[in-house]
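Report on the structure
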Amino acid sequence: MSWSERALSYVKKLSTVINHNHYLPFIIDGNKCGLIHRQYVQHFREKPELFDVSDESVQFSRASSKDCRSDTFNCFLVNLRDEETVSVLKGWRNETYSVFKDGFRSEILFDIERAAVGIIGCKSYGVHMNGYVHKDGQLMMWVGKRAPNKAKYPGCYDNIVAGGISTGYGVWDTLLKEAEEEASIPAEIMSAAKPVGAISYTIVNDYGTSPEVEFVYDLELPLDFVPKNADGEVAGFELMTIDQLKEVVVTDKFKTNCAGVVIDFLIRHGLVEPDGAPQYVEILNLLHTSHPF
């Protein structure tokens, strides 16, 4: 199998086709802001004082303000977590994501515990950075290896810096915070990081249904800089040649969405050529898919 065939097979994991027969829309004040898989619907049906559940939708209409919705929904989730009936809540983070009305940075409808995002299938946002160097005439990339105790994708390769955008943070704020915590990259070096676009996808796995947008930055690092983890979430870093990177990025050794960020980098930097990759256009399209709502 050629590299582009393997890359296409891998990025297809980021473009799950949603069978809407298996979901109910999650509605707040007439706004469709998520998709709840039918395996979770019963938990909402058991709380008629909070949710209106029909054959067409789950409506969260018992709270009228952002703060009230956030508090009410969090109590609902805490009860689910304590009952140990929903396995994804075992990864409780005590960190919230904002659920937006009309896309990123629009009106916030409520804030939700990060571990529960996949339950309601709401859109989430993150920021990832490719850190690379030019050494001995060739481009090389720094990649992290996730700590073995991570709740998701333990021991897998990752971008040098990546993180979800939590409540109250912007894209740049998140990137600076994650760069310091994950790779000890100082602000003066980070000032050269460049926004280069985003990838978008919907992934369905054991953690739930996740329509996601990852904002992407590139940073050429100084040759003498060596990343060092500061928060215990990264086991270590490796500096890979492009051949090494291309080999590993299309395997399960790489965290799925981070692999998408790297493949996007390879294409943007001309390291994958259309003449040598018959699946080139399809790969590009799958890295920039529209969300199911």
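**Side note on the pairing of strand E10 (residues 161-164)**
Across the two faces of E10 the burial is the same, with Val161 and Gly163 and Ala162 and Gly164 all buried. Looking at chain direction, strand E7 (residues 124-135) and E10 are connected through four bridges and run antiparallel. Across the sheet, the residue bridging to Gly126 is Gly164, located in E10.

**Considering helix H5 (residues 171-183)**
Here H5 contains 13 residues, and its C-alpha end-to-end distance of 17 Å stays within 8% of the 18 Å for a straight helix at 1.5 Å per residue. Every buried residue belonging to H5 is among Val171, Thr174, Leu175, Glu178, Ala179, Glu182 and Ala183, and all of these are buried. Across the axial projection of H5, the buried residues extend over an arc of 130°, all falling on one side. As for H5, its buried residues are in contact with E7, E10, helix H6 (187-190), strand E12 (208-220) and strand E13 (234-241). One or two positions beyond H5, positive phi appears at Ser184, with a value near 55°.

**Some points on the sheet that holds strand E4 (residues 58-60)**
With mixed pairing, the four strands of this open sheet are ordered in space as E2-E1-E4-E3. Sheet topology places strand E2 (31-37) and strand E3 (51-53) at the edges, where each strand pairs with a single neighbour. Each adjacent strand pair in this sheet contributes to an overall mean axis angle of 25°, direction not counted. Direction of pairing for strand E1 (residues 23-28) relative to E4: parallel, over a ladder of two bridges. For Phe26, the partnering residue across the bridge sits in E4 and is Val58. Taken strand by strand, helix H2 (residues 38-45) contacts E1, E2, E3 and E4, and its axis lies near 110° from that of E2.

**As for the nonpolar core**
The biggest cluster of nonpolar side chains holds 36 residues, and the ones touching the most others in it are Trp3, Leu245, Val249, Phe254, Ile263, Leu266 and Ile283. At the level of secondary structure, the elements contributing two or more residues to this core comprise helix H1 (3-11), strand E8 (138-146), strand E11 (194-205), helix H7 (242-248), helix H8 (256-268) and helix H9 (280-286). The greatest single-element share of this core, amounting to eight residues, is contributed by H8. Excluding residues within four positions of it along the chain, Ile263 makes contact with Trp3, Ala7, Val11, Val249, Val250, Ile283 and Leu287. Core analysis: the next-biggest nonpolar cluster, separate from the first, contains 31 residues, Cys33, Val41, Val99 and Leu109 among them.

**Section: H8**
Think of an α-helix as 3.6 residues a turn; residues three or four steps apart then line up on the same face. Over its 13 residues, H8 runs 19 Å from end to end, which matches the ideal 18 Å to within 8%, given 1.5 Å per residue. A large share of H8 lies buried, amounting to 12 of its 13 residues. Restricting attention to buried positions, one finds in H8 the residues Thr256, Asn257, Cys258, Ala259, Gly260, Val261, Val262, Ile263, Asp264, Phe265, Leu266 and Ile267.

**A word on the layout of surface pockets**
One number sums up the size of the largest pocket: a volume of about 1000 Å³. Taken together, 44 residues form the lining of the largest pocket, with Arg93, Arg114, Arg146, Lys152 and Lys255 sitting closest to its centre. Split into classes, the residues belonging to the lining of the largest pocket amount to 13 nonpolar, 14 polar and 17 charged.

**Some thoughts on the side chain of Thr209**
Along the chain, the position of Thr209 falls in strand E12. Its relative accessible area of 4% is what places Thr209 among the buried residues. Only 2.8 Å separates the side chain of Thr209 from the side chain of Tyr23, close enough to count as a polar contact. For Thr209, the residues in contact, after removing those within four places along its chain, are Ile18, Tyr23, Val117, Gly118, Gly121, Thr202, Ile203 and Val204.

Cut-offs applied
- Residues numbered from 1 in each chain as written.
- Predicted model: local features only at pLDDT ≥ 70, side-chain atom pairs only at ≥ 80, totals over all residues.
- Heavy atoms only, no water.
- Buried < 20%, exposed > 50% of the residue type's maximum accessible area, 1.4 Å probe, protein only.
- Helix = DSSP H or I, 4+ residues; strand = E, 2+ residues; numbered from the N terminus.
- Pairing = 2+ DSSP bridges.
- Expected span 1.5 Å × (residues − 1).
- Arc of directions from axis to C-beta.
- Contact = heavy atoms within 4.5 Å.
- Axes fitted to C-alpha atoms, helices over the stretch in contact; angles between N-to-C directions.
- Core = buried A, V, L, I, M, F, W, Y, C linked by side-chain atoms within 4.5 Å.
- 1 Å grid on protein atoms, 1.4 Å probe; cavity = no way out; pocket = protein on both sides within 12 Å on 5 of 7 lines; lining within 4 Å.
- Points joined across faces, edges and corners; volume = space filled by probe spheres on them.
- Nonpolar A, V, L, I, M, F, W, Y, C, P; charged D, E, K, R; others polar.
- Polar contact = N/O pair within 3.5 Å; in protein donor to acceptor, adjacent residues only side chain to side chain.

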